[in-house]
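One-letter residues, chain by chain:
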Amino acid sequence: MADYNPTKEEGRRRRSKHRESRANNDQQEKATEPASDVSVSRTPAQILADTSVLGEVMTDKLQLLKYDTRFCKEYNLAPIPTHYFVLPGSASEQLHYFANLVSWLLSLTGVNLPAPEQYADPNETTHNIMGCLKKLKAHDDVTQAEILPGSGESVCAILNTLAQNALKKEQWQWGRPVFPMEHFEDETMVDDAIEVKTMQAVDEDEIEDEVGDVDDEAFADVNLIHQTEVVMNANPVKEMLKADIDAATWRIEVERVLPQLKVVVRNSNKEWRSHIEQMQQYESTIKKSMTDAKVHLVNLHSEISKTLEKIDSREKYVNTQLDSLIKEFREHHDKLASFQEKYKQNGATVTELTMQLADLSDSLDTVKAQMDERGTSMTDSGPLVKIKQALTRLKTETEQMELRIGVVQNTLLSAKVNDNKVMVHNMNLNQPVETW
């Protein structure tokens, strides 16, 4: 019986093929590498990818600071997803959350920044944040307009820096990793993936490639090998074994049973030989398709270069033909620009004159109103009537006053007369009577 292992020559052949494929891949990679490293500006996709990575790192640091239990409960805010500050959303909500996070992180480092109100002025909020960052001498290149939307690379970078400072202030350190216990399957379960079956129609070339036996007509019975190994391990041989069966009968029995003994090995996903063969097949197909595609690409390049040359020649021809028209167009364009400037200047003078006209018309209206009032006052007889009526009232009132004065004078005169009479009577009474 032959051993169930590939031969050394087969192994050397496969290893040499693997080295050749690796060498070809290395040469292709070196050929596709750029000639020189040129620093180019980042594309929007690269900026978004960098911002996403920065947002994930910042969120991990916030988790290490236990912001969901310390920050969210204190400020009555919900925890944010990983890419909350990466993609733009509601600018007011993101700016309010960002300002509260900055206030909390600064408080962990010993810097006092009051948290803004919900409907505070965004410009004032960003101005206060920029002032604190200048005091800390961090992110001097960030402008106020970059953090005003409440999202983007600058916002994530500021939060990442402040979270890192907070971790340093709290003297946070990594602990030793704890590895979980993993239960590995027994080797017998892995060996069960290879099943041996007796099949009538299996290609002998595949069996020869997989098994790699020296004898083309030799096939191995795996169960029999396993049983013999068990028996040999149980009963170790102490002396040389001798065959009791004749060689001719043994050969006849082998020829009779040989067509029915077929070994079928299922290809496992972990079989590196099958992967190498697939890689070699893919490489050959890629090379074949690359030749055809290269021819088509070369033809396409030649056609595109020819069309570009035609376009350049047509463009030069058109430029030469339209040179005079272009000059005229430029002259007319310059004239139009000068006329537009004059029109603007005249428009300014017209507006000034219209304002003066409006002032003059207002003053004229006021003068007309004054003249109308004076004319009506000169032709109106109403005041004379009023004066006459007043004079008549004055006459009646003077007459009544004179009458009252006469009555008062009469009463006074009568009172004086009566007083004189009383005084004379009293004087007559007081004189003594002369006796003769």
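Everything here concerns the structure above.
Below is a short write-up of the structure. Each chain carries its own residue numbering, running from 1 in the written order of its sequence. Under the rules for a predicted model, residues below a pLDDT of 70 receive no local features and side-chain atom pairs below 80 are neither given nor counted, while totals for whole chains, interfaces and linings still include all residues. To get the side-chain values, all heavy atoms of the structure are used, and hydrogens and water are removed first.

1. Some words on unusual backbone geometry
Negative phi characterises most residues that are not glycine, and trans characterises most peptide bonds. Spelled out, the test is: Numbering of helices and strands runs from the N terminus; a helix is a DSSP stretch of H or I covering at least four residues, while a strand is a stretch of E covering at least two. Using a 1.4 Å probe on the protein chains alone, a residue whose accessible area is under 20% of its type maximum counts as buried, one over 50% counts as exposed, and one in between counts as partly exposed.
In this structure, Lys66 is a non-glycine residue whose phi angle is positive, near 55°. The phi angle at Lys137 is positive, at roughly 60°, despite the residue not being glycine. Structurally, Lys137 is set in the loop between α5 (122-136) and α6 (144-147). Here Lys137 falls in the exposed class, since its relative accessible area comes to 71%.

2. A look at the packing of aromatic side chains
Quick note on the threshold: Stacked, edge-to-face and tilted are the three classes for Phe, Tyr and Trp ring pairs, Trp counted by its six-membered ring, which pair at centre distances within 6.5 Å; planes under 30 degrees apart are stacked, over 60 edge-to-face, the rest tilted.
With the rule as written, the count across this model stands at eight aromatic pairs. Look at Tyr84 and Phe85: their rings are 5.0 Å apart centre to centre, the planes differ by 80°, and that puts the pair in the edge-to-face class. Classification of Phe85 by relative accessible area gives buried; the value is 1%. Among the aromatic residues, those joined into a ring-pair cluster are Tyr67, Phe71, Tyr75, Tyr84, Phe85, Tyr97, Phe98 and Trp104.

3. A few points about the nonpolar core
What counts is decided by this rule: Definition used in this section: a nonpolar core is a set of buried Ala, Val, Leu, Ile, Met, Phe, Trp, Tyr and Cys residues joined via side-chain atoms within 4.5 Å. Residue contacts are defined here by distance: any two heavy atoms, one from each residue, within 4.5 Å place the two residues in contact.
By size, the foremost hydrophobic cluster in this structure holds 35 residues, and its most contacted members are Phe85, Tyr97, Phe98, Trp104, Leu105 and Leu159. Those elements giving two or more residues to this core turn out to be α2 (44-64), α3 (67-75), α4 (91-108), α5 and α7 (153-169). The leading source of residues in this core is α4, at ten residues. When sequence neighbours within four positions are dropped, the list of residues in contact with Phe85 reads Met58, Ile80, Gln94, Tyr97, Phe98, Leu101, Gly150, Ser151, Gly152, Val155, Cys156 and Leu159.

4. As for the pattern of salt bridges
Pairing is possible between side chains of opposite charge, provided their charged atoms come close. Definition in use: The salt bridge definition used is simple: a Lys or Arg side-chain nitrogen within 4 Å of an Asp or Glu carboxyl oxygen.
This structure, assessed with the given rule, holds three salt bridges. With its nearest N and O atoms 3.0 Å apart, the salt bridge here joins Arg70 to Glu170. Residue Arg70 is found in helix α3, and its partner Glu170 is found in the loop between α7 and α8 (187-191); the two are separated by 100 residues along the sequence. Residue Glu170 is classed as partly exposed on the basis of its relative accessible area, which comes to 36%. The partner of Lys287 in a salt bridge is Glu283, and the shortest N-O contact between them spans 3.5 Å. A residue pair is termed a helical-turn pair when its members lie 3 or 4 positions apart in one helix, as Lys287 and Glu283 do in helix α12 (residues 272-321) at four residues.

5. Things to note about the packing of α4 against α7
Formally: A fitted line through C-alpha atoms represents every axis, and for helices the fit uses only the stretch in contact; the resulting angles, taken between N-to-C directions, go from 0 to 180 degrees. We call two directions roughly parallel when the angle between them is under 35 degrees, roughly antiparallel when it is over 145, roughly perpendicular when it lies between 65 and 115, and oblique otherwise. The handedness criterion is simple: a crossing whose near helix is rotated anticlockwise from the far helix by less than a right angle is left-handed, and one whose near helix is rotated clockwise is right-handed. Three classes are used: nonpolar for Ala, Val, Leu, Ile, Met, Phe, Trp, Tyr, Cys and Pro, charged for Asp, Glu, Lys and Arg, and polar for all others, with Gly counted as polar.
The N-to-C vectors of α4 and α7 enclose an angle of 25°; their axes lie 8 Å apart at closest approach. In terms of their interaxial angle, α4 and α7 are classed as roughly parallel. Every pair of crossing elements has a handedness; the one defined by α4 and α7 is left-handed. Contacts between α4 and α7 pair Phe98, Leu101, Val102, Leu105, Leu106 and Leu108 from the former with Val155, Ile158, Leu159, Leu162, Ala163, Ala166 and Lys169 from the latter. Of the residues belonging to the contact of α4 with α7, the class tally is twelve nonpolar, no polar and one charged.

6. Remarks on the packing of α4 against α5
With their axes 11 Å apart at the nearest point, α4 and α5 run at an angle of 30° to one another. Our classification of the angle between α4 and α5 gives roughly parallel. Once α4 is placed against α5, the crossing between them reads as left-handed. Contacts from Leu95, Phe98, Ala99, Val102 and Leu106 of α4 reach α5 at Pro122, Thr125, Thr126, Ile129, Cys132 and Leu136. For the contact of α4 with α5, the residue count by class is nine nonpolar, two polar and no charged.

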